[in-house]
Amino acid sequence: MSENVRYYLWLQRALGEGAHIKRILEDFGSAKDLYDANILEWRMCSELTSKQIDRLECTKLTDVDEIIYTCDENNWQIIDYDDELYPKRLKEIYNPPAVLFVDGTMPDFDNTVTIGIVGTRKASEYAIKVTHIMSRGITEAGALVVSGGALGIDTAAHKGAIMAGGKTVAVLGCGLGVPYLMANKSLRDTIKSNGALITEYPPFIRASKYTFPMRNRLISGLSLGVLVTEAGVKSGSLITANFALEQDRDVFAIPVSILSTDFSGTNKLIEDGAKVVTKPEHIVEGYASSFPTLDLSKIRTIDSLMIDNADNSANVPEKENSLTFEKLEESRKQHAQKELNAGSLTGILKTVYDALDVTYKHIDVLTETTGLTSREVTSALTQLEIMGLTDSASGKRYRLS
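Only a predicted model underlies this, so the values are computations on that prediction, with no experimental measurement involved.

Draft legend 1. Main features of the overall build of the protein. For the protein, the count of helices and strands is 19 helices and twelve strands. Across the 401 residues in the protein, those meeting the buried criterion constitute 53%. When the accessible surface of the protein is totalled, it reaches about 18,200 Å², and 51% of it is carbon and sulfur.

Draft legend 2. Expanded view of the nonpolar core. Ranked by internal contacts, the top residues of the largest apolar core, which has 68 residues, are Leu 9, Leu 11, Leu 34, Trp 42, Leu 48 and Leu 56. Ranked by the residues each element gives to this core, the list is headed by helix α1 (residues 5-15), at eight residues. When near neighbours in sequence (up to four residues on either side) are disregarded, Trp 42 contacts Trp 10, Phe 28, Leu 34, Tyr 35, Ala 37, Leu 48, Ile 53, Leu 56 and Glu 57. Among the nonpolar cores identified, the runner-up in size contains 27 residues, and Val 113, Ala 141, Ile 153 and Leu 224 belong to it.

Draft legend 3. Highlighting the sheet that holds strand β12 (residues 397-400). Ordered in space as β10-β12-β11, the three strands form an open sheet in which the pairing is antiparallel. Across the chains shown, the open sheet's two edge strands, defined by having one partner strand only, are β10 (361-362) and β11 (390-393). Relative to β12, β10 runs antiparallel, the two sharing two bridges. Residue pairing across strands places Lys 361 opposite Tyr 398, the latter belonging to β12. Where helix α19 (residues 374-386) meets the sheet, it contacts β11 and β12, and its direction lies at approximately 115° from that of β11.

Draft legend 4. Region of the structure containing the pairing of strand β5 (residues 168-171). Of the two faces of β5, both are covered, the one formed by Thr 168 and Ala 170 as well as the one formed by Val 169 and Val 171. Summarising the sheet, strand β4 (residues 144-147) and β5 pair through three bridges and their orientation is parallel. Bridge assignment links Ser 147 to a residue of β5, and that residue is Ala 170. Note on the crossover from β4 through helix α9 (residues 153-163) to β5: the handedness is right-handed. Across four bridges, β5 lies against strand β6 (residues 195-199) in parallel orientation.

Draft legend 5. Representation of the environment of Ala 241. By the secondary structure assignment, Ala 241 is in helix α12 (residues 236-246). Taking C-alpha positions, Ala 241 is 6.7 Å from Val 226, a pair spaced 15 residues apart along the chain. Each residue touching Ala 241, except ones within four places of it in the same chain, is listed here: Val 228, Val 251 and Leu 269.

Draft legend 6. Structural view of the pattern of salt bridges. Under the defined criterion, the tally for this structure stands at 14 salt bridges. Of the charged contacts, one joins Asp 65 and Arg 6 as a salt bridge, the two residues approaching to 3.0 Å between their closest N and O atoms. One end of the pair, Asp 65, is in helix α6 (residues 65-74); the other, Arg 6, is in helix α1, with 59 residues separating them in the sequence. Residue class for Asp 65 comes out partly exposed when judged on its relative accessible area of 31%. Residue Arg 6 is classed as partly exposed on the basis of its relative accessible area, which comes to 27%.

Draft legend 7. Structural context of the environment of Pro 203. Topologically, Pro 203 is positioned in the loop between β6 and α11 (211-222). The exposure class assigned to Pro 203 is buried, which follows from its relative accessible area of 12%. Taking the C-alpha atoms as reference points, Pro 203 and Leu 176, 27 residues apart in sequence, are found 4.7 Å from one another. If sequence neighbours within four positions are ignored, Pro 203 has contacts with Ile 67, Thr 70, Cys 71, Trp 76, Phe 101, Gly 175 and Leu 176.

About the criteria used
- Residues numbered from 1 in each chain as written.
- Predicted model: local features only at pLDDT ≥ 70, side-chain atom pairs only at ≥ 80, totals over all residues.
- Heavy atoms only, no water.
- Helix = DSSP H or I, 4+ residues; strand = E, 2+ residues; numbered from the N terminus.
- Buried < 20%, exposed > 50% of the residue type's maximum accessible area, 1.4 Å probe, protein only.
- Areas by Shrake-Rupley, 256 points an atom, 1.4 Å probe, with all protein chains shown as cover.
- Core = buried A, V, L, I, M, F, W, Y, C linked by side-chain atoms within 4.5 Å.
- Contact = heavy atoms within 4.5 Å.
- Pairing = 2+ DSSP bridges.
- Axes fitted to C-alpha atoms, helices over the stretch in contact; angles between N-to-C directions.
- Right-handed = clockwise from strand over helix to strand, strands pointing away.
- Salt bridge = Lys/Arg side-chain N within 4 Å of Asp/Glu carboxyl O.

Dropping the structure here:
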């Protein structure tokens, strides 16, 4: 933690997340220099509005001490704008965050081919599978995958990177420590063990309709390019793509059926100049000459990646060749129904569901994890399987469907 972290936390607390601090810092030099300046100097700065000056004046440096204490207690990093770990790439964007909160290990973004992958939460099985394959393929070549930790495409992107043995980063639209989207808690735990959870929001700040668009600029800002998979014409994924264009990042898109009007946003991106992606090398080949950490020879064929994908690691069906565009709407509805069923769980059912992930777990492990009786766990697993939320295997083993 740098010696200036309190001043950057003070600046963020005063002006809010997403404030345009870049030119303010250029005028004053650093957050500490801004803090040490007098109100007359603040008023002479054309980048500060009268309301912002009022907020700076009313915010105390000691107001942020609780944030620092909380992060220390939970072993969360605070990386401020002057910290050597702060990604230089992120400083290029119009409104970089004053601080980043990190749970896990901050990757070396600036020396790594970082690709953001975004798309709909209510993705078809085809889109989930394709995302998983693309993510796994580029990760095996040395790329780093960044996404938002949400259901659907985000989940497939993170899992693909993890299955490749690589690291991945989830940029959150809430503060660390918030019990958000508990259906993905096990995935977030895996992500922070194989990369990091990153957010600009202080601990325990809840997500809202305002925080996610703000979060999206960081996904693109950390990346060299953004891959969009199955996005609607007014989706958050297209917001991320627009941020990428504004930030001079590359935009890639996987085409969808022309009959899938609800998710024609990716086709619109292609019409507007996004690069069409049909295999992993299309995403990363343009960066090979600038990043020695990228090894294109390690990128496997789609057929090879599909064979590895047959273990259902991305929550896709085993019939690899049965997914056609004609079946996308049906599979999307099935995925949406699963999401609805999972969101309605309460009590013992929710406890058992939250203890599961995509790898098989023996019923004894689930009993120990949940603290429930064997009978309660067995009964819950039966109900969850009827709801289409779990799969069972021989030897009393279960996993998420």
